[in-house]
Amino acid sequence: MGQPESREYRESEQSELPPGQRLQRGWPVTHYGPVPKFKPDRWEFRVFGATADGEKHCWNHEEFSALPFSSVVADLHCVTKFSMLGAEWGGVLARTILELAPPSPQATHVMVWAEYGFSSNLRLADFASDRALFATHQGGELLTAEHGFPLRLVVPHLYAWKGPKWVRGIEYMTADRRGFWEERGYHNIGDPWKEQRYSYQEEPGDGPEL
């Protein structure tokens, strides 16, 4: 049996939580829809839309796996109110993709596309964060299928739905538009420190212009 956590340790961890969140031991599985079957010979990561050269850029699974590998220690905050603190993520930095397939100067947002047509929109500045990562590993181990294998996006400073599982590509956009959950009542930005959970909380400028 392990020793009980000290009060000081618990309070220290609690102080790192965004408002309304609770500390989670372990990693629950949360997603909408079925878990897709990974077919490596058919898998492709695409970058398209408002690219700097106007072209689509693609990597198959072998090519994507050969991109520079980075590790990031970062928290995961789920809108369902649990938080994992200090998780170790491994994969390809979003900035690496921005360097290899840069957006046009007019691009302001990114739509992240995943299996089954799932999507999530991000401001380009959020996507370009130095800790945003296309994760293939967590805790030194390959992701499980339930947790997003072969690829999920992690954007630590936003709620976890902004980092979809089973990512297949990104679209650079010159204007914002809402993704899957954002169209269904979730906040367009999703900052956990501001508790930006739902669209009714949006201030002018938080969402796409109508």
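Starting afresh in each chain, residues are numbered from 1 along the sequence in its written order. Side-chain atom pairs in this predicted model are given and counted only at pLDDT of 80 or more, local residue features only at pLDDT of at least 70, and totals for whole chains, interfaces and linings cover all residues. Each side-chain value is worked out from all heavy atoms of the structure, with water and hydrogens disregarded.

- An unreviewed UniProt entry lists the chain under the name Sulfite oxidase-like oxidoreductase, with Streptomyces sp. 900116325 given as the organism.

### Topic: the nonpolar core
Here is step 1 of the chain: Remark: nonpolar core denotes a set of buried residues (Ala, Val, Leu, Ile, Met, Phe, Trp, Tyr, Cys) joined through side-chain atoms within 4.5 Å. Throughout, exposure labels follow a simple rule: accessible area from a 1.4 Å probe, protein chains only, divided by the maximum for the residue type, with under 20% read as buried, over 50% as exposed, and the rest as partly exposed. Ranked by internal contacts, the top residues of the largest apolar core, which has 28 residues, are F45, F64, I97, F127, F134, I170 and Y172.
Here is step 2 of the chain: Elements with a minimum of two residues in this core: strand 2 (44-49), helix 3 (94-100), strand 6 (109-114), helix 4 (124-127) and strand 11 (167-173).
Here is step 3 of the chain: In contact with I170, other than residues within four places in its own chain, are F45, R46, V47, F48, I97, V110, M111, V112, F127 and F134.
Here is step 4 of the chain: Residues L76, M84, V154 and A160 belong to the second largest nonpolar core, which totals 13 residues. In DSSP terms, a helix is any run of H or I states spanning at least four residues, a strand is any run of E spanning at least two, and both are numbered starting from the N terminus. In this analysis, two residues are considered to be in contact whenever any of their non-hydrogen atoms come within 4.5 Å of each other.

### Describing the side chain of E202
Here is step 1 of the chain: Turning to its location among the elements, E202 is positioned in the segment after strand 11.
Here is step 2 of the chain: Taking the relative accessible area as the measure of exposure, E202 reaches 19% and is therefore buried.
Here is step 3 of the chain: Of the polar contacts made by the side chain of E202, one reaches the backbone nitrogen of N188; its length is 2.9 Å.
Here is step 4 of the chain: The contact partners of E202, leaving out residues within four places of it in the chain, are R178, Y186, H187, N188 and G207. In the analysis that follows, any N or O atom pair within 3.5 Å is treated as a polar contact, provided that within protein one partner can donate a hydrogen and the other can accept it, and provided that, for residues neighboring in sequence, both atoms belong to side chains.

### Topic: the pairing of strand 5 (residues 82-93)
Consecutive side chains along a regular strand alternate between the two faces of the sheet.
Here is step 1 of the chain: Along strand 5, 9 of the 12 residues are buried, which leaves the element largely enclosed by surrounding structure.
Here is step 2 of the chain: The pairing criterion for strands is at least two bridges between them, as found by DSSP. In this sheet, strand 5 lies alongside strand 4 (residues 70-77) in antiparallel orientation, the contact comprising 7 bridges. Opposite H77, over in strand 5, you have S83 as the bridge partner.
Here is step 3 of the chain: Taking the residues that link successive antiparallel strands as the turn, the strand 4-strand 5 hairpin has 4 residues, and the phi of K81 there is positive, at about 90 degrees.
Here is step 4 of the chain: Two strands pair when backbone bridges link them, and strand 5 and strand 8 (residues 133-138) are joined in this way by 5 bridges, in the antiparallel orientation. Note that in strand 8 the partner of G91 across the bridge is A135.

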